[in-house]
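Observations on the three-dimensional arrangement
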Amino acid sequence: MRVLVTGGAGYIGSHTCIELLKDGHVPVVVDNFCNSKPEALRRVRELSGQDFPVHDLDVRDREGLRKIFLQEKPEAVIHFAGLKAVGESVAQPWRYYDNNLVSTLVLVEVMQEAGCRQLVFSSSATVYGMPDQVPLHESAPLRAINPYGRSKLMIEDMLRDLVQAEPSWRIALLRYFNPVGAHESGRIGEDPNGIPNNLMPFISQVAVGRLPRLRIFGGDYDTPDGTGVRDYLHVVDLALGHVRALDWLAQATQGGATAINLGTGQGHSVLEMVAAFEAASARAIPCDIVPRRPGDAASCYADTALAEKLLGWKAQRGIADMCRDAWRWQSQNPQGYV
Ligand code: NAD
Ligand code: UD1
């Protein structure tokens, strides 16, 4: 199947392109490279030994996107393109709403015109806000607590409204937990701009000597060791989840917009992740426990039963694999893609 992949040069998008190619699909990438580099796609070609179309375009460019649909005739879309940094979204909410909402509005409009009505959307566990209880089931209350999270929740709502009005649309709203790790080749991985906000890229950069020490945000949570617990998910498992979601949409006999958690269902603390990374890299990760980060929950992990039931998908890789692959990528590419 020809699959339009917006944001296909990014961290999750590049890994998904590899799995799509492996499964016999043709990814058609649309990316404006605002948070990624063409080098990532060059390496996807190198790893897969296959070529595929790439369009340097902002998804909000309606005319440009129309032309791509006419030329490429995709049958389905995976919509990764979006801005994703929580702190930046608080400082620049309009930029986040403009990029994330308008890109989705334009994309859906152009898909509708082209008669392409299968969409996989990158949502996030962030739509749950502070969980009342874990594991988080898809039916848990939705209450995003920052502009990034609200942009994801608004898009979910928009897509649910679309399906109400146009029941032939088939949409998977994939709520990712914490994607980490890298392709096992060490050739593609996460390459954040500036100092990373997220735990795993931060640990990796400490291990490789780019950053001096890790700050652990809070040691007094109500968790087994006092540090925050999250559901870390290997990015290759996540990529495979997208391929399964496409298969599921293609076989669906009726339309709908279905939210599905993608996580492992296992929670791991910050200290556990530090220990796993130290073991994988054979490097010490110097760290200090500092006050909690505002907006952080104590514990957040997924109920994964729906993904298993609907998609037949279950994460296969554990935290040792995640740390090993993150370290391979980081140690072989200490400055990322440059
Ligand atoms: P990323 O920044 O690496 O990839 C996003 C890609 O989209 C980048 O290549 C960027 O250049 C592109 N892009 C952004 N706006 C665009 C636009 N208007 N037009 C064209 N291209 C545009 O991020 P990622 O980690 O790969 O995340 C992919 C998606 O998954 C995002 O929507 C993100 O919000 C969501 N998500 C990510 C995580 C995570 O922890 N990485 C967790 C939950 C959800
Ligand atoms: C964060 C975002 C979330 C987003 C997700 C993926 C917040 C409040 N949440 O989730 O919206 O979907 O990233 O992009 O920003 N930690 C440290 N030191 C660090 C970094 C993190 O101790 O330098 C801790 C955090 O307190 C947390 C855990 O590590 O307990 C994971 O943090 P992170 O990787 O930022 O992910 P989330 O907070 O789950």
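Treat the numbers as computed from the prediction; the structure is a model and nothing was measured.

**Side note on the pattern of salt bridges**
Proximity of charged atoms lets side chains of opposite charge pair with each other. A full pass over the atoms with the stated rule returns 30 salt bridges. Salt-bridge contacts for Lys-37 lead to Asp-191; the nearest nitrogen and oxygen are separated by 3.2 Å. On the criterion of sequence distance, the pair formed by Lys-37 in the loop between β2 (26–31) and α2 (38–48) and Asp-191 in the loop between β7 (178–180) and α7 (199–207) is long-range, its members being 154 residues apart. For Lys-37, a relative accessible area of 28% gives the class partly exposed. The buried category is assigned to Asp-191, whose relative accessible area is 17%. Measuring nitrogen to oxygen at the nearest pair gives 2.7 Å for the salt bridge that ties Asp-132 to Arg-143. Here the residue Asp-132 occupies a position in the loop between β5 (118–124) and α6 (147–165), and Arg-143 occupies one in the loop between β5 and α6, the gap between them amounting to 11 residues.

**Focus on the site of ligand 1**
Close to ligand 1 lie 27 residues, the nearest being Asp-31, Asn-35, Ser-36, Lys-84 and Tyr-148. Interatomic distance of 3.1 Å between a side-chain N/O atom of Asn-32 and a nitrogen atom of ligand 1. In isolation ligand 1 exposes 820 Å². Once the protein is present, 95% of that is buried. Looking at the shell around ligand 1, the elements with two or more residues in it are α1 (11–22), β5 and α6. A total of three residues in the shell around ligand 1 trace back to one element, the largest contributor, which is β5.

**A word on the sheet that holds β5**
As summarised here, the arrangement of the seven strands in space is β3-β2-β1-β4-β5-β6-β11, forming an open sheet in which the pairing is parallel. Strand pairing shows two members of the sheet lacking a second neighbour, β3 (54–56) and β11 (256–262), which therefore form its edges. Between one strand and the next, the sheet's axes are offset by a mean angle of 20 degrees, whatever the strand orientation. Alignment of β5 against strand β6 (residues 170–176), held across seven bridges, turns out to be parallel. If you follow Gln-118 over to β6, its bridge partner there is Arg-170. Sitting on the sheet, α1 is in contact with β1 (2–6), β2, β4 (76–79) and β6, with an inclination near 160 degrees to β2.

**A look at helix α8 (residues 235–251)**
In this model α8 runs 25 Å from its N-terminal to its C-terminal C-alpha over 17 residues, within 8% of the 24 Å that 1.5 Å per residue would give. Regarding α8, the residues found buried are Val-235, Val-236, Asp-237, Leu-238, Ala-239, Gly-241, His-242, Val-243, Ala-245, Leu-246 and Leu-249.

**Here's the deal with the site of ligand 2**
Close contacts around ligand 2 come from 19 residues, with Leu-199, Arg-215, Arg-230, Arg-293 and Asp-296 the closest. At a separation of 2.9 Å, an oxygen atom of ligand 2 approaches a polar side-chain atom of Thr-126. In this structure, an oxygen atom belonging to ligand 2 sits 2.9 Å away from a side-chain N or O atom of Asn-198. In isolation ligand 2 has 740 Å² of accessible area, and contact with the protein removes 87% of it. If one sorts the elements of the shell around ligand 2 by residue count, strand β8 (residues 214–217) sits on top with four residues. Broken down by class, the residue content of the shell around ligand 2 amounts to eight nonpolar, seven polar and four charged.

Here is what the cut-offs are and how they apply
Residues numbered from 1 in each chain as written. Chains lettered and ligands numbered in written order. Predicted model: local features only at pLDDT ≥ 70, side-chain atom pairs only at ≥ 80, totals over all residues. Heavy atoms only, no water. Salt bridge = Lys/Arg side-chain N within 4 Å of Asp/Glu carboxyl O. Helix = DSSP H or I, 4+ residues; strand = E, 2+ residues; numbered from the N terminus. Buried < 20%, exposed > 50% of the residue type's maximum accessible area, 1.4 Å probe, protein only. Near = heavy atom within 4 Å. Polar contact = N/O pair within 3.5 Å; in protein donor to acceptor, adjacent residues only side chain to side chain. Areas by Shrake-Rupley, 256 points an atom, 1.4 Å probe, with all protein chains shown as cover. Pairing = 2+ DSSP bridges. Axes fitted to C-alpha atoms, helices over the stretch in contact; angles between N-to-C directions. Contact = heavy atoms within 4.5 Å. Expected span 1.5 Å × (residues − 1). Nonpolar A, V, L, I, M, F, W, Y, C, P; charged D, E, K, R; others polar.

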